[in-house]
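Descriptive analysis of the structure
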Amino acid sequence: MPLAAGLAAWNNLVVHRLPAPGSYVVANAAATATVLTAARWAGLTRAELGLARGSLPAGLRWGGPSGVVVTAGYAVALAVPPLRPLLVDARVAGREGADLAYQALVRIPVGTVLWEEVAFRGVLLAVLRRLVPPPAAVGASSVLFGVWHVRPTLDGLAANGLARGPVATGAAVLLGCLGTAAAGLAFTALRLRSGSLLAPVLLHLATNSVGLGAAAAAIRLCPAAVVSPRR
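None of these values were measured; they are calculated from a predicted model.

Counting its secondary structure elements, the chain contains 9 helices and 0 strands. Going from N to C terminus, the chain has its helices and strands arranged as α-α-α-α-α-α-α-α-α. For the chain, the C-alpha radius of gyration of 18 Å lies close to 17 Å, the compact-globule estimate for 231 residues. Structurally, the chain occupies a C-alpha span of about 55 × 35 × 30 Å along its principal axes. Split into buried and exposed, the 231 residues of the chain put 42% on the buried side. Taking the intrachain contacts of the chain between residues at least 6 apart in sequence as the baseline, contacts between residues at least 24 apart amount to 81%. Charge separation in the chain, taken as the distance between the mean sites of 19 positive and 7 negative side-chain charges, equals 5 Å.

Here it is as structure tokens:
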């Protein structure tokens, strides 16, 4: 399927080659508009895409509490000293004030969450549900969501000095992609249960944006946990 191949290539081969940091948000916002326009042109309805206005209350009812649970989990991890190093990410070290706010309020919501939810739980899921039985559609979209994260997983491993060597790196990437595939299943379950794309958007926002803040707080509380990036 061209859409699936295009999504896999976009995050693993295209985005990291963009010339300027700010172009990430612009490029992904344009990609969001493009796939939505194509989906509507192809005849997919707002309801199929999870964008029906009538489904918004259900999306809020399901997504809101899910985001609260994730936020509470981060708070517990920060409150328990042995758990704080688990939140540390060297990519967040050195980011403060306006930069953190931009990442949490613009780059992640628009460049990551909106784009990924529209692409995977909106357009791709809707297309697959027209072609294959629902379980296969859910499984395929979630697996592709895992494949989507190959390059980000490699970047995270390198930045944090983890999994040195090809075997360890390969195993870590596989585990990371399996984890994001499982997250894709959870996001899709919320999308289907609520009928609204808002539900996975809220959970995804809490996971990424609140997670960024938690990582920054963990670095301040235990700076010794930050490792030097792999050369």
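Next comes the rest of the description.
Turning next to helix α9 (residues 198–221). In this model, α9 (24 residues) spans 33 Å end to end at C-alpha, consistent with the 34 Å of a helix rising 1.5 Å per residue. Residue G211 marks the point of greatest curvature in α9, where the axis turns by about 30°.

Structurally, S141 is set in helix α6 (residues 134–148). Look past the residues within four positions of S141 in its chain and what remains in contact with it is F120, L124, L125, L128 and T188.

Now for the nonpolar core. Among the nonpolar cores identified, the biggest contains 26 residues, and L7, W115 and F120 are the most heavily contacted of them. Contributing elements (two or more residues each) for this core: α1 (2–14), α2 (23–41), α5 (97–131), α6, α8 (166–194) and α9. If one sorts the elements of this core by residue count, α5 sits on top with 9 residues. If we skip the residues at most four places from it in the chain, F120 touches L7, L125, S141, L144, F145 and W148. Core analysis: the next-biggest nonpolar cluster, separate from the first, contains 18 residues, A77, V88, A215 and C222 among them.

Take the confidence of the model for the chain next. Confidence along the chain averages 91 in pLDDT terms, with 97% of residues attaining 70 or more. Per-element confidence in the chain ranges from a low mean pLDDT of 84 for α1 to a high of 97 for helix α4 (residues 56–79).

Turning our eyes to something else, we now look at the pattern of salt bridges. Throughout the structure, instances matching the rule amount to 5 salt bridges. In this structure, R130 and E48 form a salt bridge, with 2.9 Å as the shortest nitrogen-oxygen distance. With a gap of 82 residues between them, R130 in helix α5 and E48 in helix α3 (residues 46–49) connect regions that are remote in the sequence. Here D99 makes a salt bridge to R95, at a shortest N to O gap of 2.9 Å. Judged by relative accessible area, which is 29%, D99 ranks as partly exposed.

Turning our attention to a nonpolar patch on the surface. A contiguous nonpolar surface patch, about 340 Å² in accessible area, is contributed by V76, V80, L83 and L86. Relative to the helices and strands, L83 resides in the loop between α4 and α5.

Turning to the environment of L44, a few remarks are in order. You can see L44 is positioned in the loop between α2 and α3. It is 15 Å that separates the C-alpha atoms of L44 and G195, two residues lying 151 residues apart in sequence. Dropping the residues within four chain positions of it, L44 is found in contact with A39, L49, V123, A126, V127 and R130.

We now examine the packing of aromatic side chains. Considering all chains together, one arrives at 5 aromatic pairs under this definition. Ring centres of W10 and W115 lie 6.3 Å apart, and the angle between their planes is 75°; this geometry places the pair in the edge-to-face category. Residue W10 is found in helix α1, and its partner W115 is found in helix α5; the two are separated by 105 residues along the sequence. W10 sits in the partly exposed class, given a relative accessible area of 23%. Its relative accessible area of 3% is what places W115 among the buried residues. Between F120 and F145 the ring centres are 5.1 Å apart and the planes differ by 70°, which places this aromatic pair in the edge-to-face class. Taken as a pair, F120 in helix α5 and F145 in helix α6 lie far apart in primary sequence, 25 residues in all. Residue classification places F145 among the buried positions, given a relative accessible area of 2%. Ring-pair connections join several aromatic residues into one group, and the members of that group are W10, W115, F120, F145, W148 and F187. The ring of Y24 carries R107 above its face, with NZ or CZ at 3.7 Å from the centroid. In this arrangement the basic side chain of R121 is found over the ring face of F145, its NZ or CZ atom lying 4.2 Å from the centre.

Rules used in this analysis
- Residues numbered from 1 in each chain as written.
- Predicted model: local features only at pLDDT ≥ 70, side-chain atom pairs only at ≥ 80, totals over all residues.
- Heavy atoms only, no water.
- Helix = DSSP H or I, 4+ residues; strand = E, 2+ residues; numbered from the N terminus.
- Rg over C-alpha atoms; globule rule 2.2 N^0.38 Å.
- Buried < 20%, exposed > 50% of the residue type's maximum accessible area, 1.4 Å probe, protein only.
- Contact = heavy atoms within 4.5 Å.
- Lys, Arg positive; Asp, Glu negative; His and termini not counted.
- Charge placed at Lys NZ, Arg CZ, Asp CG, Glu CD.
- Expected span 1.5 Å × (residues − 1).
- Bend = angle between axes of the 7 residues up to and from the residue.
- Core = buried A, V, L, I, M, F, W, Y, C linked by side-chain atoms within 4.5 Å.
- pLDDT = per-residue confidence, 0-100.
- Salt bridge = Lys/Arg side-chain N within 4 Å of Asp/Glu carboxyl O.
- Patch = residues over 30% accessible without salt bridge, like charges linked within 9 Å, V, L, I, M, F, W, Y side chains within 5 Å.
- Areas by Shrake-Rupley, 256 points an atom, 1.4 Å probe, with all protein chains shown as cover.
- Phe/Tyr/Trp six-rings, centres within 6.5 Å; stacked < 30°, edge-to-face > 60°.
- Lys NZ or Arg CZ within 6 Å of the ring centre and 35° of its normal.

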